[in-house]
Amino acid sequence: MGRLFVVHLEGKIYSCKHCKTHLAVYEDIISKSFHCKHGKAYLFNKVSNVTIGETEDRMMMTGKHTVADIFCVSCGSIVGWRYETAHEKSQKYKEGKSVLERFKISGPDGSNYWVSSHGRHIGGSDADDS
């Protein structure tokens, strides 16, 4: 395995909830209106310290997309997905962007989101989550 290089970000940081590796900054959020099976998810213009898995076609709420799961480079936890190709013209803005699942990351204030065994959001918040 070689030496692991991790980028340290500055500002309001979103990080892996398992190992605290920096993943993205607040200023790179495009939208907080995304959803995943665990609840909220945020679309980011760019993310750091992730590895990209195999691409696959997925039918999502907004149509068919070619996506790849993204993993924390430090601990290997899945933290979201990256849009490689949007098959609907209106969704092309997502190409090359990444979604971080709020349940799998810590917010800038150290907050986490929790999900009940029934998949419903039961706690946690972001001070900037409005």
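All figures in this text were calculated on a predicted structure; none of them were measured in a lab.

Reading guide: rules and limits
Residues numbered from 1 in each chain as written. Predicted model: local features only at pLDDT ≥ 70, side-chain atom pairs only at ≥ 80, totals over all residues. Heavy atoms only, no water. Helix = DSSP H or I, 4+ residues; strand = E, 2+ residues; numbered from the N terminus. Buried < 20%, exposed > 50% of the residue type's maximum accessible area, 1.4 Å probe, protein only. Contact = heavy atoms within 4.5 Å. Areas by Shrake-Rupley, 256 points an atom, 1.4 Å probe, with all protein chains shown as cover. Pairing = 2+ DSSP bridges. Salt bridge = Lys/Arg side-chain N within 4 Å of Asp/Glu carboxyl O. Core = buried A, V, L, I, M, F, W, Y, C linked by side-chain atoms within 4.5 Å.

A. Expanded view of the overall build of the protein chain. Along the protein chain, the regular secondary structure elements total zero helices and eleven strands. Along the protein chain, helices and strands appear, N-terminal first, in the series β-β-β-β-β-β-β-β-β-β-β. Buried positions account for 43% of the 130 residues belonging to the protein chain. Within the protein chain, contacts between residues separated by at least 24 positions form 40% of all contacts whose residues are at least 6 apart in sequence. Just so you have it, the protein chain exposes about 7400 Å², and 51% of that area is on carbon and sulfur atoms.

B. Region of interest: the sheet that holds strand E9 (residues 105–106). Sheet architecture is open: three strands sit in the order E2-E1-E9, paired in antiparallel fashion. Two strands close off the open sheet at either side, each with one partner strand: strand E2 (22–25) and E9. Summarising the sheet, strand E1 (residues 13–16) and E2 pair through three bridges and their orientation is antiparallel. If you follow Tyr14 over to E2, its bridge partner there is Ala24.

C. Local environment of the pattern of salt bridges. Taken as a whole and judged by the stated rule, the model has six salt bridges. Notably, a salt bridge pairs Lys92 with Glu95, separated by 3.3 Å at the nearest N-O pair. Relative accessible area serves as the criterion here: at 40%, Lys92 is assigned to the partly exposed category. The partly exposed category is assigned to Glu95, whose relative accessible area is 28%. A salt bridge links Glu101 to Lys104; the nearest nitrogen and oxygen atoms lie 3.5 Å apart. Residue Glu101 is classed as buried on the basis of its relative accessible area of 7%. Several salt bridges converge on common partners, so that one network encompasses Glu56, Arg58 and Asp69.

D. Main features of the nonpolar core. Of all hydrophobic cores here, the largest spans 13 residues; its most connected members are Tyr14, Leu23, Phe44, Val47, Val79 and Leu100. Among the nonpolar cores identified, the runner-up in size contains nine residues, and Phe34, Cys36, Ala41 and Val67 belong to it.

E. A look at the pairing of strand E5 (residues 50–60). One ladder, built from nine bridges, connects E5 with strand E6 (residues 63–72); its direction is antiparallel. The partner of Glu56 across the bridge, within E6, is Val67. The turn joining E5 and E6, which pair antiparallel and follow one another in sequence, is formed by two residues.

F. Representation of the pairing of strand E3 (residues 29–36) in the model. As paired elements, E3 and strand E4 (residues 39–44) share five bridges and run antiparallel to each other. Across the sheet, Phe34 pairs through a bridge with Ala41, a residue of E4. Hairpin connection from E3 to E4: two residues lie between these consecutive antiparallel strands.

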